[in-house]
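# Structural characterization, general
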Amino acid sequence: MNEPSVALVTGASRGLGREVALRLLARGYTVIAGMRSPEPLMDLEILTLDVADEGSVRAAAEAVRTRHGRLDVLVNNAGVLLDAHLGVLEVDGDTFRRTLETNVLGALRMAQAFAPMMPPGARIVNVSSGGGQLSEPSTWAPAYCVSKTALNAVTVQLAEALKSRGIAVNAVCPGWVRTDMGGPEAPRSLGQGAASILWAITEAGPEVTGGFWRDGKPVAW
Ligand SMILES: NC(=O)c1ccc[n+]([C@@H]2O[C@H](COP(=O)([O-])OP(=O)(O)OC[C@H]3O[C@@H](n4cnc5c(N)ncnc54)[C@H](OP(=O)(O)O)[C@@H]3O)[C@@H](O)[C@H]2O)c1
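Residues numbered from 1 in each chain as written. Predicted model: local features only at pLDDT ≥ 70, side-chain atom pairs only at ≥ 80, totals over all residues. Heavy atoms only, no water.

### Observations concerning the sheet that holds strand E8 (residues 217-218)
Convention followed: A strand pair is defined by DSSP finding two or more bridges across the two strands. Only DSSP runs of H or I covering at least 4 residues are called helices, and only runs of E covering at least 2 are called strands; the numbering of each starts at the N terminus. Throughout, a residue-residue contact means that at least one pair of heavy atoms, one from each residue, lies within 4.5 Å. Only C-alpha atoms enter the line fits that serve as axes; for helices the fit covers just the stretch in contact. Angles between N-to-C directions range over 0 to 180 degrees.
Ordered by their spatial adjacency, 8 strands build an open sheet running E3-E2-E1-E4-E5-E6-E7-E8, and the pairing between neighbours is mixed. For this open sheet the edge positions go to strand E3 (45-48) and E8, each flanked by a neighbour on one side alone. In this structure, strand E7 (residues 212-214) lies alongside E8, joined through 2 bridges in antiparallel fashion. Residue pairing in the sheet places Arg 214 in a bridge with Lys 217 of E8. Running over the sheet, helix H5 (residues 190-203) touches strand E4 (73-76), strand E5 (123-127), strand E6 (168-172) and E7 and is turned about 160° from E5.

So this is what it looks like as structure tokens:
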């Protein structure tokens, strides 16, 4: 019998990351839940992981290699929204840098650390946002939106770099979801947001790579 696929979800302590991790567990994956402050959660394998910290990411990769020898699914979900109430003319450099550190470099360093142990057929999903669409400009949360635009660009770069190894890399928008980040007014449930992310893992064909998706449909860059 085949071993279950091994999936790692970053930012799995709450919100969409937690929901995606639990849904993958229910589908029979071996699920590693990356958390900055580890707490037991059902049968998830808890891993201390701060994606903004190079050493933490390196240690996590080493732990997964030792325990499992491979990674089949990486969900780069961890994200911060620090400038929801700031405009582009007000946002300070520190806020901008901290946003990019987690939302862009966090996902990039995770891909760099884990790609060497990903087999053909593996998938990387970067949880992005419609806020990153250059085709739909807005004045809301400039650092956050720029970080998601950059994450989309990183997604395309990674997809090209990993194509020859048969590893698919996609960006997914979960829609506006009721989480700590999305707030109570958001129209979508956790389940709806998680389903949008799950699509890129369990439903998209292995040839689907380098795209930006919501609910299994392409989103304009
Ligand atoms: N909710 C929405 O409407 C919406 C819409 C579009 C895109 N998204 C994206 O979906 C993803 C999840 O959002 P959410 O709504 O579930 O947000 P959330 O409820 O605020 O949860 C964010 C998660 O990210 C973790 N995190 C933050 N910085 C981290 C770091 N440096 N290292 C590891 N984990 C870190 C948090 O961990 P702690 O518990 O330790 O803080 C938490 O688990 C984000 O990438 C977000 O941009 C959300």
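### So, the layout of surface pockets
Our working rule: A cavity here means a set of 1 Å grid points, computed over protein atoms only, where a 1.4 Å probe fits but cannot escape. A pocket is an open set with protein on both sides within 12 Å along at least 5 of 7 lines, and lining residues have an atom within 4 Å of a point. Grid points are joined across faces, edges and corners, and a volume is the space filled by probe spheres set on the points. When residues are grouped by polarity, Ala, Val, Leu, Ile, Met, Phe, Trp, Tyr, Cys and Pro land in nonpolar, Asp, Glu, Lys and Arg in charged, and all others, Gly among them, in polar.
Taken as a whole, the largest pocket encloses approximately 1100 Å³ of empty space. Counting residues per element, the ones that place at least two in the lining of the largest pocket are helix H1 (15-26), strand E2 (30-35) and helix H4 (142-162). Sorting elements by how many residues they give to the lining of the largest pocket places H1 first, with 4 residues. Looking at the lining of the largest pocket residue by residue, the classes come out as 20 nonpolar, 17 polar and 8 charged. Within this model, the second largest pocket holds a volume of roughly 230 Å³. What lines the second largest pocket is a set of 15 residues, and nearest its centre among them are Gly 131, Ser 138, Pro 142, Cys 145 and Val 146. Grouping the constituent residues of the lining of the second largest pocket by class yields 7 nonpolar, 7 polar and 1 charged.

### Things to note about the packing of aromatic side chains
Rules: Stacked, edge-to-face and tilted labels apply to pairs of Phe, Tyr and Trp rings (six-membered ring for Trp) whose centres lie within 6.5 Å, assigned for plane angles under 30 degrees, over 60, and everything in between, in that order. Throughout this description, buried means an accessible area under 20% of the type-specific maximum (1.4 Å probe, protein chains only), exposed means over 50%, and partly exposed covers the range between.
In the structure shown here, the tally under the stated rule is 3 aromatic pairs. Centre to centre, the rings of Trp 140 and Tyr 144 are 5.6 Å apart; their planes meet at 70°, and the pair counts as edge-to-face. Their ring planes at 45° and their centres at 5.0 Å tell us that Trp 199 and Trp 213 sit as a pair that is tilted. Separated by 14 residues along the polypeptide, Trp 199 in helix H5 and Trp 213 in strand E7 bring together distant segments of the chain. Assessed through its relative accessible area of 14%, Trp 199 is described here as buried. Of the residues examined, Trp 213 reaches a relative accessible area of 16% and is grouped as buried.

### Considering the side chain of Arg 188
As for its placement among the helices and strands, Arg 188 is situated in the loop between E6 and H5. For Arg 188, a relative accessible area of 17% translates into the label buried. With residues near it in sequence (within four places) discarded, Arg 188 still touches Pro 174, Gly 175, Trp 176, Val 177, Arg 178, Gly 193, Ser 196 and Asp 215.

### Looking at the pattern of salt bridges
Under the convention used in this document: Criterion for a salt bridge: a side-chain nitrogen of Lys or Arg within 4 Å of a carboxyl oxygen of Asp or Glu.
This structure, assessed with the given rule, holds 9 salt bridges. Notably, a salt bridge pairs Lys 163 with Glu 160, separated by 3.1 Å at the nearest N-O pair. Taking the relative accessible area as the measure of exposure, Lys 163 reaches 46% and is therefore partly exposed. Overlapping salt bridges bring together Glu 54, Glu 101 and Arg 109 as one network.

### Let's talk about the packing of H1 against H5
Here is the rule we go by: By definition in this entry, angles of less than 35 degrees are roughly parallel, angles greater than 145 are roughly antiparallel, angles of 65 to 115 are roughly perpendicular, and the rest are oblique. Handedness of a helix crossing follows the sense of rotation of the near helix relative to the far helix, less than a right angle counterclockwise being left-handed and clockwise being right-handed.
Their axes nearest at 9 Å, the elements H1 and H5 cross at an angle of 60°. By the criterion of interaxial angle, the relationship of H1 to H5 is oblique. Judged by the sense of rotation from one axis to the other, the crossing of H1 with H5 is right-handed. Each of Gly 15, Leu 16, Glu 19, Val 20, Arg 23 and Leu 24 in H1 lies in contact with H5, whose residues at this interface are Leu 190, Gly 191, Gly 193, Ala 194, Ile 197, Leu 198 and Ile 201. For the contact of H1 with H5, the per-class residue count stands at 8 nonpolar, 3 polar and 2 charged.

So far we have only geometry, and geometry alone does not tell us how the molecule works.
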